[in-house]
Amino acid sequence: EPEPPAPVPRSRSLDRLRKAAAGCQACGLYADATQTVFGAGSRDARLLLVGEQPGDVEDREGDPFVGPAGKLLDRALVDARITRSGVYVTNAVKHFKFRRAERGKRRIHQKPDAGELAACRPWLRAELAAVQPEVVVVLGATAAATLLGRAFRVSHQRGQPHSWSELAAASPLTSDEHDDVGIGDDAMVVATVHPSSVLRARGMGGDQGAAAYDGLVSDLTVAAHL
Ligand code: URA
């Protein structure tokens with residue numbers, strides 16, 4: 001059964017967009033999530049960062065990247081000499097997707113599927129059109145898939161600046177949608193790992209956590225200097 005289109009107003013006001021997104025039922029995820037977690041930050045931001053979806057803490061608090069992955073991202077931004085006030089932070093999907101642990105109340109993150117990414121993509125497009133970032137930072141494979149297409153490999157292409165227009169052909173955005181975003185042809189995209197993957201690498205012990213963190217900071221530093 002086709003999903004109804006997301007009721008995205010044709011507006012470049014982040015406040016208007018946020019209010020409209022609060023009522024979005026374009027996919028089924030709204031039913032179990034606490035609230036829509038829209039992007040946060042200034043419309044004057046030079047950098048726009050895209051994650052996957054809100055986690056457990058974000059779902060309860062209503063803001064992106066305020067839980068454990070967000071704390072790690074905050075530190076990595078500082079180490080990359082990027083001020084959080086100069087960035088706009090958002091997610092590919094704006095509702096938390098989870099399943100319940102068999103015992104207890106713990107909510108376990110589940111990856112959004114292609115239909116959920118597609119249903120939410122109009123909101124991401126609207127945020128890009130409102131902020132007009134000079135640099136888009138793609139955090140992890142889900143954000144890469146929704147903006148750059150399934151063929152993009154974060155592991156191989158991370159840390160490399162690509163122009164927004166160069167990536168258009170492989171993007172799931174139609175060329176009209178791509179043009180509609182209105183980002184300048186000289187805008188750049190840099191992909192890197194998701195901060196949650198750094199947390200997982202830390203959990204494995206040894207040097208892997210430190211190496212993963214340094215890799216994230218190094219990719220963010222590339223973005224900061226574009
Ligand atoms: N992970 C994400 O991708 N986004 C958040 O907002 C929090 C955790």
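Being a predicted model, the structure only gives us computed values, none of them experimental.

**Quick look at the packing of helix α3 (residues 68-79) against helix α9 (residues 208-224)**
Axis angle and axis distance: for two packed helices, these are the angle between their axes and the distance between the axes, and together they describe the pair.
Phase 1: Remark: α3 packs on α9, axes separated minimally by 9 Å, with the N-to-C direction vectors making an angle of 55 degrees. One element, α3, and the other, α9, form an angle in the oblique class. By crossing handedness, the relation of α3 to α9 is classed as right-handed. Between α3 and α9, the contacting residues are A76, L77 and D79 on the first element and Y213, L216, V217 and L220 on the second.
Phase 2: Per-class residue counts for the contact of α3 with α9 are six nonpolar, no polar and one charged.

**What to know about the confidence of the model for the protein chain**
Note: predicted coordinates in regions of low pLDDT should not be interpreted at a detailed level.
Phase 1: Considering every residue of the protein chain, the mean pLDDT works out to 94; 97% of them sit at 70 or more.
Phase 2: As scored by the predictor, the complex reaches a pTM of 0.95 and an ipTM of 0.93.

**As for the site of the ligand**
Phase 1: Neighbouring the ligand are 13 residues, the closest being G51, E52, G55, P64 and A69.
Phase 2: Split into classes, the residues belonging to the shell around the ligand amount to four nonpolar, seven polar and two charged.

**Quick word on the sheet that holds strand β3 (residues 87-91)**
Phase 1: Pairing in this open sheet of six strands is mixed, and the strands run β1-β3-β2-β6-β8-β7 from one edge to the other. One side of each edge strand has no neighbouring strand; the edge strands of this open sheet are β1 (40-41) and β7 (162-163).
Phase 2: In terms of strand pairing, strand β2 (residues 47-51) meets strand β6 (residues 135-139) through four bridges, oriented parallel. Within the sheet, the bridge partner assigned to V50 lies in β6 and is V138.

**A few points about the pairing of strand β8 (residues 188-192)**
Phase 1: With five of five residues buried, β8 lies mostly within the body of the structure.
Phase 2: Of the two faces of β8, the one lined by M188, V190 and T192 and the one lined by V189 and A191 are each fully buried.
Phase 3: In this sheet, β8 lies alongside β7 in antiparallel orientation, the contact comprising two bridges. Looking at β8, one finds that H162 is bridged to V189.

**Concerning α9**
Phase 1: In a regular helix each residue adds 1.5 Å, so 17 residues correspond to 24 Å; α9 covers 24 Å between its end C-alpha atoms and thus fits that length.
Phase 2: Within the span of α9, buried status applies to Y213, L216, V217, D219, L220, A223 and A224. For α9, the angular spread of the buried residues around the axis is 160 degrees, confining them to a single face. Away from its buried face by more than 90 degrees, α9 exposes A210 and A211.

**Section: the nonpolar core**
Phase 1: L47, L48, V50, V137, V138, A144 and L220 are the most contacted members of the largest nonpolar core, which totals 66 residues.
Phase 2: At nine residues, the largest contribution of residues to this core is made by helix α4 (residues 114-131).
Phase 3: Residues in contact with V138, not counting those within four places in the same chain, are V50, A143, A144, L147, L148, V189 and A191.

**Considerations on helix α5 (residues 141-148)**
Helical geometry: 3.6 residues make up each α-helical turn, so side chains three or four residues apart lie on a common side.
Phase 1: α5 sits mainly inside the fold: eight of its eight residues count as buried.
Phase 2: Within the span of α5, buried status applies to A141, T142, A143, A144, A145, T146, L147 and L148.
Phase 3: As for α5, its buried residues are in contact with β2, α4, β6, α6 (154-157) and β8.
Phase 4: Phi turns positive one or two residues past the end of α5, at G149, with a value near 100 degrees.

**Considering the packing of α3 against helix α8 (residues 195-203)**
Phase 1: Two elements in contact, α3 and α8, have axes whose closest approach is 8 Å; the angle formed by their N-to-C orientations is 100 degrees. The angle between α3 and α8 falls in the class roughly perpendicular. Seen from α3, the contacting residues are P68, A69, L72, L73 and A76; seen from α8, they are P195, S196, V198 and L199.
Phase 2: For the contact of α3 with α8, the residue count by class is eight nonpolar, one polar and no charged.

The rules behind these values
Counting of residues starts from 1 at the beginning of each chain's written sequence and follows it residue by residue. Thresholds applied to this predicted model are a pLDDT of at least 70 for local features of residues and 80 or more for the giving and counting of side-chain atom pairs; totals over whole chains, interfaces and linings are not thresholded and use all residues. What counts as an axis is a line fitted to C-alpha atoms, over the stretch in contact for a helix, and the angles between N-to-C directions run from 0 to 180 degrees. In this text, helices come from DSSP runs of H or I with a minimum length of four residues, and strands from runs of E with a minimum of two, each type numbered from the N-terminal end. Angular relationships are summarised with four words: roughly parallel below 35 degrees, roughly antiparallel beyond 145, roughly perpendicular across 65 to 115, and oblique for the angles in between. For any pair of crossing helices, the crossing counts as left-handed if the nearer helix is rotated counterclockwise from the farther one by less than a right angle, and right-handed if it is rotated clockwise. By the convention adopted here, residues make contact when the C-beta atoms placed from their backbones lie within 7 Å. Residues were grouped as follows: Ala, Val, Leu, Ile, Met, Phe, Trp, Tyr, Cys and Pro as nonpolar; Asp, Glu, Lys and Arg as charged; and all remaining residues, including Gly, as polar. Each residue carries a pLDDT score, the predictor's confidence in it, ranging from 0 to 100. Proximity of a residue to a molecule or strand is defined by its backbone-placed C-beta atom lying within 6 Å of that partner. Think of it this way: DSSP has to see at least two bridges between two strands before they count as a pair. Counting other C-beta atoms within 10 Å of its own, a residue is labelled buried from 20 upward, exposed at 12 or fewer, and partly exposed in the gap between, with every C-beta atom placed from the backbone. Between the first and last residue of a helix there are one fewer steps than residues, each counted as 1.5 Å, and that sum is the expected span. What the arc measures is the spread of directions leading from the helix axis to the C-beta atoms. As used throughout, a nonpolar core is a set of buried Ala, Val, Leu, Ile, Met, Phe, Trp, Tyr and Cys residues joined through C-beta atoms within 7 Å of each other.

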